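Chain residues, written in single-letter form:
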Amino acid sequence: MVDRDVFVQNLGKVKHRKILLIRIGLSLLFIALIAFMWMSKSGVSSSLQWTLKTAATVFFAGLAFWFITLIQKMCRRLELHCPNCHRNLSGPLSHKVLESGQCFQCGVKLF
Ligand SMILES: [Zn+2]
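Because the structure is predicted, anything quoted here is derived from the model rather than measured.

1. A few points about the overall build of the chain
Then, number 1: Each helix and strand counted, the chain has three helices and zero strands in total.
Then, number 2: Its helices and strands in sequence order give the chain the pattern α-α-α, from N to C terminus.
Then, number 3: The C-alpha radius of gyration computed for the chain amounts to 20 Å, which surpasses the reference 13 Å derived for 111 residues by more than 25%, pointing to a less compact arrangement than a globule.
Then, number 4: Burial analysis of the chain (111 residues in total) assigns 9% to the buried set.
Then, number 5: Of the contacts formed within the chain by residues at least 6 apart in sequence, a portion of 46% connects residues at least 24 apart.

Next comes the structure, spelled out in structure tokens:
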């Protein structure tokens with residue numbers, strides 16, 4: 001059982017962390033795109049460009065996976081999951097939890 005105010009507070013924390021990670025991800029993506037545009041204009045060999053593009057794709061896939069893991073760990077630490085069905089409650093349906101005080105998945109009373 002969690003306190004409603006603490007739940008709201010923790011939702012805010014996770015939201016801020018998500019925004020931060022999205023900003024970092026988009027900045028890196030932007031830098032990568034600029035670098036690839038520059039490379040296609042300069043005389044970098046196409047095989048090297050292909051290798052770098054593959055590496056960048058793997059890097060961004062890994063980064064996305066890592067960010068999702070970070071958020072999930074944070075939600076677990078801040079108790080933003082249902083104690084009954086373990087559903088993550090910090091997503092777009094969190095407003096339903098706040099309105100009803102219940103898990104939107106299984107309906108167990110949270111606060
Ligand atoms: Zn539940």
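2. Overview of the nonpolar core
Looking at soluble globular proteins, one finds that nonpolar side chains tend to be buried together.
Then, number 1: Val-14, Cys-75, Leu-80, Leu-89, Val-97, Cys-103 and Leu-110 together form the largest nonpolar core, which totals seven residues.
Then, number 2: In this view, Leu-110 contacts Val-2, Val-97, Gly-101, Gln-102 and Cys-103; residues no more than four positions away in its chain are not counted.

3. Focus: helix α1 (residues 4-41)
Then, number 1: Its 38 residues place the ends of α1 56 Å apart at the C-alpha level, agreeing with the 56 Å of an ideal helix rising 1.5 Å per residue.
Then, number 2: Counting buried residues in α1 gives three out of 38 residues, a small share hidden from the surface.
Then, number 3: Buried-residue contacts for α1 involve α2 (46-77).

4. Thoughts on the environment of Gly-43
Then, number 1: Positionally, Gly-43 belongs in the loop between α1 and α2.
Then, number 2: Residues Gly-43 and Leu-80 lie 37 residues apart in sequence; the distance between their C-alpha atoms is 51 Å.

5. What about the environment of Leu-28?
Then, number 1: Of note, Leu-28 is situated in helix α1.
Then, number 2: Considered as a pair, Leu-28 and Arg-17 are eleven residues apart in the sequence and their alpha carbons are 17 Å apart.

6. A word on the environment of His-81
Then, number 1: The topology assignment puts His-81 in the loop between α2 and α3 (94-100).
Then, number 2: The partly exposed category is assigned to His-81, around which 16 C-beta atoms lie within 10 Å.
Then, number 3: Along the chain, His-81 and Cys-103 lie 22 residues apart, while their C-alpha atoms are 8.7 Å from each other.

7. What about the packing of α1 against α2?
Then, number 1: Two numbers describe how α1 lies on α2: the axes approach to 11 Å, and their chain directions differ by 175°. With respect to α2, the element α1 is oriented roughly antiparallel. Here Val-14, Arg-17, Lys-18, Leu-21, Gly-25, Leu-29, Ala-32, Phe-36, Met-39 and Ser-40 of α1 come into contact with α2, specifically with Gln-49, Lys-53, Ala-56, Phe-60, Leu-63, Phe-67, Leu-70, Ile-71, Met-74 and Cys-75.
Then, number 2: Its residues placed into classes, the contact of α1 with α2 shows 14 nonpolar, three polar and three charged.

Rules behind the numbers
Residues numbered from 1 in each chain as written. Predicted model: local features only at pLDDT ≥ 70, side-chain atom pairs only at ≥ 80, totals over all residues. Helix = DSSP H or I, 4+ residues; strand = E, 2+ residues; numbered from the N terminus. Rg over C-alpha atoms; globule rule 2.2 N^0.38 Å. Buried ≥ 20, exposed ≤ 12 C-beta atoms within 10 Å, placed from the backbone. Contact = placed C-beta atoms within 7 Å. Core = buried A, V, L, I, M, F, W, Y, C linked by C-beta atoms within 7 Å. Expected span 1.5 Å × (residues − 1). Axes fitted to C-alpha atoms, helices over the stretch in contact; angles between N-to-C directions. Parallel < 35°, antiparallel > 145°, perpendicular 65-115°, else oblique. Nonpolar A, V, L, I, M, F, W, Y, C, P; charged D, E, K, R; others polar.

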